[in-house]
Amino acid sequence: MKGYYQHVKGTTDFFSSQTIVFQEIIEKAKKIFRTFGYEEIMLPLLEETSVFVKSVGEFTDIVERQMFKIEGKDIVLRPEGTAQVVRFFIEHTLWKEKEFHKFFYIGPMFRGERPQKGRLRQFHHIGGECLGSNLPYLDAEVIKVALLILEECGIKDVELKINSLGCQKDKERWKNELIKQLQNRKKELCPLCRKRLERNPLRILDCKEKSCRRIVETLKKDIYLCSSCQEHFERVLYYLDKLKISYDYSPTLVRGLDYYTNTVFEIVSHKLGSQDACGAGGRYNSLVKSMGGPDIPAIGFALGIERMMLLLGKEKKKPSLKVFVAYRENCLDKAIEVLNSLRERDIPSQMSYLEKSLKAQLRLAQKLGAEFAIIIGEEELKEGFFTLRDMRKSQQEKVDWSQLLEKIKC
Ligand code: HAM
């Protein structure tokens, strides 16, 4: 039966098994970030609107249509983490402390999208950002970190798509070239791309509409990189090869955020359907300067936790429970004593807080996935022993306290 109140469309209530999977993903990501020298940062969910307008781009889907604004204030719920990290970096003049930084963050992002499978209004990013280096090896390493997190979490069958947009000058040249090539074919474009042609023509390249795709196929596409950007991209591909990371060069991959320059990439899985990216990223060498900081190159990525969970499927996970303490009538006090002694030793243990029959308590122990049950009855109390039941083997034996601790620890 549906209750009266329901969750807001495009948000998720995580509980039981899902919270375990969610936390396991986070733990694994943190471990990898630490191995690769990333520092954790925890930034607010609220940011000034202007942080995203210039960086992500005035004419992008995120800024034009998807930001959740706080009524009456120039504040939004953050739609993504990169511009926010750059705001933080500039505000605290972190380049003065050291020349190169690696940060990671994990937390919710908000976009007012039309909800559908894999497309939510509140979702979670695992993001990594490196500021201060334009070394092509770093691009490959950032991609490796993203792929390693997916691999460590058990996500297979993903594909890496990669492209280079070149520097700001290259992007500008490429935009003009596109406008020139598409000006006479405007009518063939979808209504959104007709608007994009004036404001954000690069986005036409990865439009999903069939009509636009047909046109894109006929365009001259890879003519725009200056020699230093071309060389940078070739070095990135060289290091990907060295790291044994296979990739699919995708000249139409442009990404929906304006701040990107040079390397852009997406990690996709056909299992996700139309929203097929479980992670994405790229360089943003001009962003720090355009937001008021020094001229510092940077690169990063973000993985979508909910999409990772879609890929992991609905495997049921139970919280780990070592011992269930079951008691007969009049033995509650002893059960509480045992329970607390176990917990003092950090042994995950539970009992029934409803006065149920022993049979019902053992059923509950089974349901909770307890490894052992300790049964406390009149006889056990009188004779000073415990009945220890191995729940997986369905075998039980009489033991004293020290034997009990020994057995449940192994
Ligand atoms: P993004 O492609 O917008 O990039 O988001 C990264 C990932 O977040 C996507 O690949 C997807 O898995 C997930 N995601 C995005 N939107 C949604 C949604 N509405 N519902 C569920 N999952 C979603 C960025 O945000 C950049 N800041 C990534 C980056 C970091 N680039 C450089 N540094």
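As the structure is a prediction and not an experimental result, all values here were calculated from the model.

Comments concerning the overall build of the protein chain
Inference 1: Of regular secondary structure, the protein chain possesses 15 helices and 15 strands.
Inference 2: Compactness check: the protein chain gives a C-alpha radius of gyration of 28 Å against a globular reference of 22 Å for 410 residues, more than 25% above the reference.
Inference 3: By principal-axis analysis of the C-alpha atoms, the protein chain measures approximately 95 × 50 × 45 Å.
Inference 4: In the protein chain, buried positions account for 50% of the 410 residues.
Inference 5: Here the protein chain contributes 70 positive and 58 negative side-chain charges, whose respective centroids are spaced 5 Å apart.

Focus on the sheet that holds strand 13 (residues 372-376)
Inference 1: The sheet built from five strands is open, its strands ordered 12-11-13-14-15 with mixed pairing. Here the strands that pair on one side only, and so sit at the sheet edges, are strand 12 (349-351) and strand 15 (395-399). Taking each pair of neighbouring strands and ignoring which way they run, the sheet shows an average axis angle of 25°.
Inference 2: With three bridges joining them, strand 11 (residues 323-327) and strand 12 adopt parallel strand pairing. Note on strand 12: the bridge partner recorded for V323 is S349.
Inference 3: Seen against the sheet, helix 12 (residues 332-344) touches strand 11, strand 12, strand 13 and strand 14 (386-390) and runs at an angle of roughly 165° to strand 12.
Inference 4: In this fold helix 13 (residues 358-368) packs onto strand 11, strand 13 and strand 14, with an angle of close to 170° to the strand it touches most, strand 11.

Concerning a positive patch on the surface
Inference 1: Together, K208, K210, R213 and R214 make up a region of like positive charge exposed at the surface.
Inference 2: Relative to the helices and strands, K208 resides in the loop between helix 7 (191-199) and helix 8 (210-218).

Considerations on the packing of helix 1 (residues 17-35) against helix 11 (residues 305-312)
Inference 1: With their axes 11 Å apart at the nearest point, helix 1 and helix 11 run at an angle of 115° to one another. It follows that helix 1 is roughly perpendicular to helix 11 by the angle criterion. Here helix 1 runs over helix 11; the crossing is right-handed. Contacts between helix 1 and helix 11 involve Q18, V21, F22, I25 and I26 from the former and I305, M308, M309 and L312 from the latter.
Inference 2: Tallied by class, the residues present in the contact of helix 1 with helix 11 amount to eight nonpolar, one polar and no charged.

So, the pairing of strand 4 (residues 101-110)
Inference 1: Of all 10 residues that make up strand 4, nine are buried, and the element is covered over most of its length.
Inference 2: Where strand 1 (residues 39-40) and strand 4 come together, two bridges link them in parallel fashion. Along strand 4, the bridge assignment pairs E40 with F104.
Inference 3: As paired elements, strand 4 and strand 5 (residues 122-131) share 10 bridges and run antiparallel to each other. Bridged to K102 within strand 5 is C130.

A word on unusual backbone geometry
Inference 1: Even without a glycine there, the phi angle at N330 is positive, about 70°.
Inference 2: Within the element layout of this structure, N330 appears in the loop between strand 11 and helix 12.
Inference 3: According to the relative accessible area criterion, N330 is exposed, its value standing at 66%.
Inference 4: Of note, the phi angle at S394 is positive, near 50°, even though the residue is not glycine.
Inference 5: Topologically, S394 is positioned in the loop between strand 14 and strand 15.

Focus on the state of the cysteines
Inference 1: Applying the stated rule across the entire model yields zero disulfides.
Inference 2: The cysteine C193 is free of any disulfide, with C207 supplying the nearest cysteine sulfur at 3.6 Å.
Inference 3: The thiol sulfur of C229 is not disulfide-bonded, and the nearest other cysteine sulfur, from C226, lies at 3.5 Å.
Inference 4: When its relative accessible area of 5% is taken as the criterion, C229 is described as buried.

Describing the pairing of strand 13
Inference 1: Counting buried positions along strand 13 yields five of five residues, so the element is predominantly enclosed.
Inference 2: Here strand 13 shows a buried face lined by F372, I374 and I376 and a second buried face lined by A373 and I375.
Inference 3: When strand 11 meets strand 13, the two strands line up parallel, connected through five bridges. Bridge assignment links F324 to a residue of strand 13, and that residue is A373.
Inference 4: Note that strand 13 and strand 14 share four bridges and pair antiparallel. Following the sheet pairing, I375 is matched in strand 14 by T387.

Concerning the site of the ligand
Inference 1: Of all residues adjacent to the ligand, which total 25 residues, the nearest are E80, E113, H125, R255 and Y260.
Inference 2: In this structure, an oxygen atom belonging to the ligand sits 3.3 Å away from a main-chain N or O atom of C278.
Inference 3: Protein chains bury 96% of the 660 Å² of accessible surface belonging to the ligand in isolation.
Inference 4: Of all elements in the fold, only strand 5, strand 9 (277-283) and strand 10 (298-304) reach the threshold of two or more residues within the shell around the ligand.
Inference 5: Take the shell around the ligand: its biggest share by element is six residues, from strand 9.
Inference 6: Considering only residue class, the shell around the ligand consists of 10 nonpolar, eight polar and seven charged.

What counts as what
- Residues numbered from 1 in each chain as written.
- Predicted model: local features only at pLDDT ≥ 70, side-chain atom pairs only at ≥ 80, totals over all residues.
- Heavy atoms only, no water.
- Helix = DSSP H or I, 4+ residues; strand = E, 2+ residues; numbered from the N terminus.
- Rg over C-alpha atoms; globule rule 2.2 N^0.38 Å.
- Buried < 20%, exposed > 50% of the residue type's maximum accessible area, 1.4 Å probe, protein only.
- Lys, Arg positive; Asp, Glu negative; His and termini not counted.
- Charge placed at Lys NZ, Arg CZ, Asp CG, Glu CD.
- Pairing = 2+ DSSP bridges.
- Axes fitted to C-alpha atoms, helices over the stretch in contact; angles between N-to-C directions.
- Contact = heavy atoms within 4.5 Å.
- Patch = residues over 30% accessible without salt bridge, like charges linked within 9 Å, V, L, I, M, F, W, Y side chains within 5 Å.
- Areas by Shrake-Rupley, 256 points an atom, 1.4 Å probe, with all protein chains shown as cover.
- Salt bridge = Lys/Arg side-chain N within 4 Å of Asp/Glu carboxyl O.
- Parallel < 35°, antiparallel > 145°, perpendicular 65-115°, else oblique.
- Left-handed = near helix turned anticlockwise from the far one by under 90°.
- Nonpolar A, V, L, I, M, F, W, Y, C, P; charged D, E, K, R; others polar.
- Disulfide = S-S within 2.5 Å.
- Near = heavy atom within 4 Å.
- Polar contact = N/O pair within 3.5 Å; in protein donor to acceptor, adjacent residues only side chain to side chain.

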